[in-house]
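# Structure assessment
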Amino acid sequence: MNNFLEQYRVKITTLAPVFIGSGSSLTKKEYVYNPDDNKLIALNFGKMFSEVKTGKAAREMRRYFMNRSEEGLKEFLDKQDIKIKSEWIESEYSVKGAESVFANNNFKGINLFIKDAYGNPYIPGSSLKGAIRTALLKYEVSKDKEKYKYYTTKVPNIIKGDDIKIIKKQLSSQTKQIEEKSFLIELKAKKRNGQKASYDILKGFIVSDSKPLAIDCLTLCQKIDRKQDATENELPILRESIKPNTEVEFLLTIDRVYFRKSMEDIKQAIQYSYSSIRSWMEDFLPMEENETASADCLYLGGGAGYVSKTFTYDLLNKNDARNVATKCISKPGKQSRFGDSFVPRTIKKTSMNGEYFDMGLCKIEFERMD
């Protein structure tokens, strides 16, 4: 291997369900839920239709899927006396503790996990790289206050305006400038038009997609918002997620021509980011504990919350950060009964088989490959 390239084996161990959405979802016509054993079955409709293709049952099936109906798939199959065959089953999940979700007339469906061409779930390298990039950025803006002093003054002034659209546009512009200041390196050479040339250091931080996982590594978990008084809002959404205690492997290649930060820098950034997020959570809800996690943890994937995806609370003092977050994510005119002392006003949780977890929490380990 070239001496400017370094390779690492990266192992992620999920401490909580992790969700990476494919953009697809299942509606109530695409699964069967049995409340007697708390099992949900997703069907392979190609196999089912290839067998049930003639007769009354086939005609009723076409009518059911082509027209609007409030009836769930289980009720329809029972009415038509169609028994589910084992070869029709695409996947099967235990969903203990989510009975109320299926009883909810406003149930939004099941968000599906991203899968490869063979139907196996995996985590894209871009998801892990994005989480590490956020950690590096949070660490950078927190440790070098002088370098970002201009923005700690500029950003609070922006949010004093009244037009939300203009405020968000200006905040987006400032965010882009901060990211460029953190990750862009200026070259001595110039472009033909006389402008300065630069490159992004993360060009040299290359993360592969994970090794594919078995389909039985997936489970279903409910979206839950925990409020400041420790009450919970159980949302009518289920996510197909990687189970806790699942190991996922990636290959990291570092090109030292572009990326000059050491592995120790990366680890310190991850440790800082995790402690920063936990600090916010503990301020929000002092009784919130997480004894299973260590310093080498990060939040990965969807549903992990605003604080884990941004550097607002790392760049600014708490008061200014709260005001920025209010402008970014709050509905106009809406105020929590706790006031605006904490924004966002909920901690993102999930429930699986009756247990509660921080959504997306993972342990990360790096191993140098010779």
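Figured I'd write up the structure that's included with this text. This structure is a prediction, so every number in the text was calculated from the model and none was measured. (Residues numbered from 1 in each chain as written. Predicted model: local features only at pLDDT ≥ 70, side-chain atom pairs only at ≥ 80, totals over all residues. Heavy atoms only, no water.)

### Things to note about the sheet that holds strand 15 (residues 355-358)
By way of backbone hydrogen bonds, the strands of a sheet pair with one another, either parallel or antiparallel. Strand order across the open sheet formed by six strands is 2-6-11-10-14-15, with mixed pairing between neighbours. The sheet is open, and its two borders are formed by strand 2 (21-26) and strand 15, each paired with just one other strand. Here the average twist between neighbouring strands, direction ignored, is 35°. Two elements, strand 14 (residues 347-352) and strand 15, share four bridges in a ladder whose sense is antiparallel. Bridging across to strand 15, Ser351 finds its partner in Tyr356. Packed onto the sheet, helix 8 (residues 263-284) meets strand 10 (218-226), strand 14 and strand 15 and runs at close to 90° relative to strand 14. (Pairing = 2+ DSSP bridges. Helix = DSSP H or I, 4+ residues; strand = E, 2+ residues; numbered from the N terminus. Axes fitted to C-alpha atoms, helices over the stretch in contact; angles between N-to-C directions. Contact = heavy atoms within 4.5 Å.)

### Examining the packing of aromatic side chains
Overall, the coordinates contain 12 aromatic pairs when judged by the stated rule. Judged by centre distance (5.0 Å) and plane angle (80°), the rings of Tyr64 and Phe65 are edge-to-face. Here the aromatic rings of Phe205 and Phe259 are separated by 5.1 Å at their centres, their planes lie at 50°, and the arrangement is tilted. Taken together, the residues span a long stretch of sequence, with Phe205 in strand 9 (residues 205-207) and Phe259 in the loop between strand 12 (247-255) and helix 8 at a distance of 54 residues. Among the aromatic residues, ring-to-ring pairing joins Phe45, Phe49, Tyr64, Phe65 and Phe76 into one connected group. One Lys or Arg, Lys29, reaches over the ring of Tyr64 and ends 4.9 Å from the middle of that ring. Residue placement shows Arg226 over the ring face of Tyr356; its charged tip is 5.5 Å from the ring centre. (Phe/Tyr/Trp six-rings, centres within 6.5 Å; stacked < 30°, edge-to-face > 60°. Lys NZ or Arg CZ within 6 Å of the ring centre and 35° of its normal.)

### Regarding the pattern of salt bridges
Enumeration over the complete set of coordinates arrives at 20 salt bridges. With its nearest N and O atoms 2.9 Å apart, the salt bridge here joins Lys79 to Glu71. Of the residues examined, Lys79 reaches a relative accessible area of 58% and is grouped as exposed. Using a relative accessible area of 22% as the deciding quantity, one classes Glu71 as partly exposed. One salt bridge connects Asp78 with Lys74, and the closest N-O pair in it is separated by 3.0 Å. Taken together, the positions of Asp78 and Lys74, both in helix 3 (residues 73-79) and four residues apart, correspond to about one turn of that helix. Linked by salt bridges that have partners in common, Lys11, Glu247 and Glu365 make up one network. (Salt bridge = Lys/Arg side-chain N within 4 Å of Asp/Glu carboxyl O. Buried < 20%, exposed > 50% of the residue type's maximum accessible area, 1.4 Å probe, protein only.)

### Looking at the packing of helix 6 (residues 149-158) against helix 7 (residues 164-183)
Relative to each other, helix 6 and helix 7 sit at 170°, their axes nearing to 10 Å. Compared by their axis directions, helix 6 and helix 7 come out roughly antiparallel. Contacts between helix 6 and helix 7 pair Tyr150, Tyr151, Lys154, Val155 and Ile158 from the former with Ile167, Gln170, Leu171, Gln174, Gln177, Ile178 and Lys181 from the latter. Broken down by class, the residue content of the contact of helix 6 with helix 7 amounts to seven nonpolar, three polar and two charged. (Parallel < 35°, antiparallel > 145°, perpendicular 65-115°, else oblique. Nonpolar A, V, L, I, M, F, W, Y, C, P; charged D, E, K, R; others polar.)

### Comments concerning helix 11 (residues 318-329)
Between the first and last C-alpha of helix 11 there are 16 Å, a value that for 12 residues agrees with the 16 Å anticipated at 1.5 Å per step. When we look at burial in helix 11, the residues that qualify are Asp320, Ala321, Val324, Ala325 and Thr326. Tucked inside the fold, the buried residues of helix 11 contact helix 6, helix 7, helix 9 (306-309) and helix 10 (312-315). The backbone nitrogen of Asn319 lies 3.1 Å from a side-chain oxygen of the residue at the head of helix 11, namely Asn317. (Expected span 1.5 Å × (residues − 1). Polar contact = N/O pair within 3.5 Å; in protein donor to acceptor, adjacent residues only side chain to side chain.)

### Focus on empty space enclosed by the protein
The final tally for this structure, using the stated rule, is one cavity of 30 Å³ or more. Of the voids in this model, the largest cavity is the one considered here, and its volume is about 90 Å³. As for the largest cavity, its lining consists of Ile277, Trp280, Met281, Ala304, Gly305, Tyr306, Val307, Ser308, Pro344, Thr346, Ile347 and Lys348. Contributions of two or more residues to the lining of the largest cavity are made by helix 8, helix 9 and strand 14. Residue composition of the lining of the largest cavity, grouped by class: eight nonpolar, three polar and one charged. (1 Å grid on protein atoms, 1.4 Å probe; cavity = no way out; pocket = protein on both sides within 12 Å on 5 of 7 lines; lining within 4 Å. Points joined across faces, edges and corners; volume = space filled by probe spheres on them.)

That is the geometry; function is a separate question.
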